[in-house]
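Secondary and tertiary structure notes
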Amino acid sequence: MTNEVGTFVVKKGLAQMLKGGVIMDVVTPEHARIAEEAGACAVMALERVPADIRADGGVARMSDPELILKIMDTVSIPVMAKCRIGHFVEAQILEALGVDYIDESEVLTPADEANHILKHNFKVPFVCGCRNLGEALRRIGEGAAMIRTKGEAGTGDVVEAVRHARQVLGDIRHLQAMQEEELMAYSKTIGAPYELVVETRKLGKLPVVNFAAGGIATPADAALMMQLGVDGVFVGSGIFKSGNPARRANAIVKSVTHYNDPKMLAEISRNLGEAMVGRQISSIPDQDLLAGRGW
Amino acid sequence: MPVGAGKVHFMKIGILAFQGAFLEHQLILEKLDVDAIQVRNSAQLQDLDGLIIPGGESTTLGKLAMDFHMLEDLQAYGSQYPVWGTCAGAIFLSKNADRKQPLLNLMDIKIIRNAFGRQVDSFETDLDVPVLKTVDPNEHPFHAIFIRAPIIESVAENVEKLASLSDGRLVAARQNRWLATVFHPELTTDDRFHRYFLEIVKSK
């Protein structure tokens, strides 16, 4: 009876345990404690939330390991951290720190504009962003054990998260209506591994857990994404850029459980203080959009 | 043979659906012809023959049970009916999780959270589970998946030890109507633990 670690089953399994939950961006141990007490199922440890990365400009990199370790010491729930797209050494460092999940994230400045990390080489699981089914399956092909739709991080505008979730889930519905003969040509069209296209068609959903991210700021936003058909949500700037982070965090957690119950959502949404101010996507120049990073 | 013999479709099992892997349990139960419902409020506990508390984050489960004012109703339910907790669910079912967090405080076990380390230490292994013979005479091992798993550090005298790792650490236990597994049968296609729980439900 030998123990096998780092298998795809255990990587994917942790994401299955996060379903129906909210993963929150935190920049200090104090934020992490607030998130855990509010009912977050995991936290994302980083130096700046996406709204500040966007405002500050410059190159955004992996966070200081010291900060990540302090956050890991503070909470008992899983701790995730971000590395740059293609920066496999940042990923090696995060794995050595013992983080529970790595987000190979477009929120940071990409280190490689052609290639993503070969995630099968790691024992720690990865989550990656996507805008459509082809992108999701390419990431899974590289070893991602969890997917999130990209949305547009740091805006508080849910429109891109909706667009990407509708695209991925719509692509899957389209795939299910196809005949078997058409699958190879479709794989070629969307640039995805054939075997994963076949598997997705059979399952009627992605072969790994699929969260929404990028612009979720209210309980109603979170419930909207859940009703569209994702398994859970990431909330970045939406919590700690709001008037009352603890209250809003808890409300978003509750809204993901009761996403299908408008009466509960009405109750949950009451009196939360100011939401993050946000920026309309349409006011952001194309070259400043993050979702186009990665391929 | 009477109609429906061997089938269990007259049972109705709830799965606590606050957060976590509730759908995986539901799909296995439905394959076994059991009426399985997702439980998000106290009214849904009425007329259930048993309850499963799935894996997820135990702090999230506890927090939501408090927020939704369901902790007492779940305790009252569990004091009368069979409850099975997997991983976070097992923690929630216990009387002692070695730290301050809301618990159902039902089963006389002490659980240590994240006992194997962090996610990179999560693992799969084969377990010898003699009691599964009662649902399947084939004594093949149970392939168990441990995700940031806790262990059952100690148990009261009347708690039955069902399975241990090769180093002796206890990972599955039963006390009368309560069943605790720190691994995830719902992530496999092996339904023997589900059938075992249904036998407990039937016997109560």
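Going by the structure above, here's the rest.
Quick notes on the rules
- The residue numbering used here restarts from 1 in each chain and proceeds along that chain's sequence as written.
- Each chain is given a letter, starting from A, and each ligand a number, starting from 1, according to the order in which they appear as written.
- This being a predicted model, a pLDDT of at least 70 is required before a residue's local features are given, and a value of 80 or more before pairs of side-chain atoms are given or counted; all residues contribute to the totals for chains, interfaces and linings.
- Where side-chain values are given, they derive from all heavy atoms of the structure, hydrogens and water being excluded.
- Whether two residues touch is decided by their heavy atoms; if any such pair falls within 4.5 Å, the residues are in contact.
- Buried area adds together the accessible area that both of two parts lose upon being put together, with accessible area traced by a 1.4 Å probe.
- Any Lys or Arg side-chain nitrogen found within 4 Å of a carboxyl oxygen on Asp or Glu counts as a salt bridge.
- By convention a nonpolar core is built from buried Ala, Val, Leu, Ile, Met, Phe, Trp, Tyr and Cys residues, the set being connected through side-chain atoms within 4.5 Å.
- Between buried and exposed lies partly exposed: a residue is buried under 20% and exposed over 50% of the maximum accessible area for its type, with that area taken using a 1.4 Å probe on protein chains only.
- Numbering of helices and strands runs from the N terminus; a helix is a DSSP stretch of H or I covering at least four residues, while a strand is a stretch of E covering at least two.
- Put simply, two rings from Phe, Tyr or Trp (the six-membered ring, in Trp's case) pair if the centres are within 6.5 Å, and we call them stacked under 30 degrees between planes, edge-to-face over 60, tilted for the rest.
- One requirement defines pairing of two strands: DSSP has to find at least two bridges between them.

Moving on to the interface of chain B and chain A. Between chain B and chain A, the contact holds 39 residues from the first and 42 residues from the second. Carbon and sulfur atoms supply 56% of the area buried between chain B and chain A, which totals about 3,100 Å² over both sides. Broken down residue by residue, the surface that chain B buries against chain A is led by B:Arg118, B:Val120 and B:Glu124, which jointly contribute 20%. For B:Arg118, the salt bridge goes to A:Asp100, with nearest N and O atoms at 2.7 Å.

This part is about the nonpolar core. Formed by 121 residues in total, the largest nonpolar core has its most connected members in A:Met225, B:Phe146 and B:Phe183. Per-element tally for this core: the top contributor is helix H5 (residues 192-203) of chain B, with six residues. Residues contacting B:Phe146, with those up to four places away along its chain left out, are A:Val10, B:Phe116, B:Ser122, B:Phe123, B:Thr125, B:Leu127, B:Leu165, B:Val171, B:Val182 and B:Phe183.

Moving on, we come to the packing of aromatic side chains. All names here are of chain B. According to the stated counting rule, one finds 13 aromatic pairs over all chains in the structure shown. Between the aromatic rings of Phe 116 and Phe 123, the centroid separation amounts to 5.1 Å while the plane-to-plane angle is 70°, which identifies the pairing as edge-to-face. Of the two residues examined, Phe 116 and Phe 123, each falls in the buried class. Residues Phe 146 and Phe 183 carry aromatic rings whose centres are separated by 5.5 Å and whose planes lie at 50° to one another, so their mutual orientation is tilted. Linking Phe 146 in strand S8 (residues 142-146) with Phe 183 in the loop between strand S12 (178-181) and H5, this pair joins segments that are 37 residues apart in sequence. Ring pairing ties together the aromatic residues Trp 84, Phe 116, Phe 123, Phe 142, Phe 146, Phe 183, Phe 193 and Phe 197, which thus form one cluster.

Residues and elements named next belong to chain A. Among the secondary structure elements, Gly 238 is positioned in helix H11 (residues 237-240). Look at Gly 238 and you get buried, because its relative accessible area is 2%. C-alpha separation for the pair Gly 238 and Gly 156, spaced 82 residues apart in sequence, amounts to 6.1 Å.

Residues and elements named next belong to chain A. With respect to the element layout, Ala 91 can be found in helix H5 (residues 88-97). The class of Ala 91 is buried, set by a relative accessible area of 0%. Residues Ala 91 and Ala 213, 122 residues apart in the sequence, show an inter-C-alpha distance of 21 Å. Excluding residues that lie within four positions of it along the chain, Ala 91 makes contacts with Cys 83, Ile 102, Ile 117, Phe 122 and Phe 126.

What follows covers the sheet that holds strand S1 (residues 4-5) of chain A. Taken in spatial order, the three strands line up as S1(A)-S7(B)-S8(B) in an open sheet, and their pairing is antiparallel. Because the sheet does not close on itself, it has two edges, and the strands there are S1 of chain A together with S8 of chain B. As defined by bridge partners, S1(A) adjoins strand S7 (residues 123-127) of chain B across two bridges and the pair is classed as antiparallel. Bridge pairing links A:Glu4 to B:Glu124 in S7(B).

In this section: the pairing of strand S11 (residues 170-175) of chain B. Residue and element names in this part refer to chain B. Among the six residues that make up S11, six are buried, leaving the element largely enclosed by the rest of the structure. Counted along the chain from strand S10 (residues 160-164) to the antiparallel partner S11, the turn is five residues long, and its residue Gly 168 has a positive phi close to 95°. Where S11 lies against S12, four bridges are found, and the strand directions are antiparallel. Within S12, the residue paired with Arg 174 across the bridge is Leu 179. The hairpin formed by S11 and S12 contains two residues between the paired strands, and Asn 176 there has a positive phi angle of roughly 50°.

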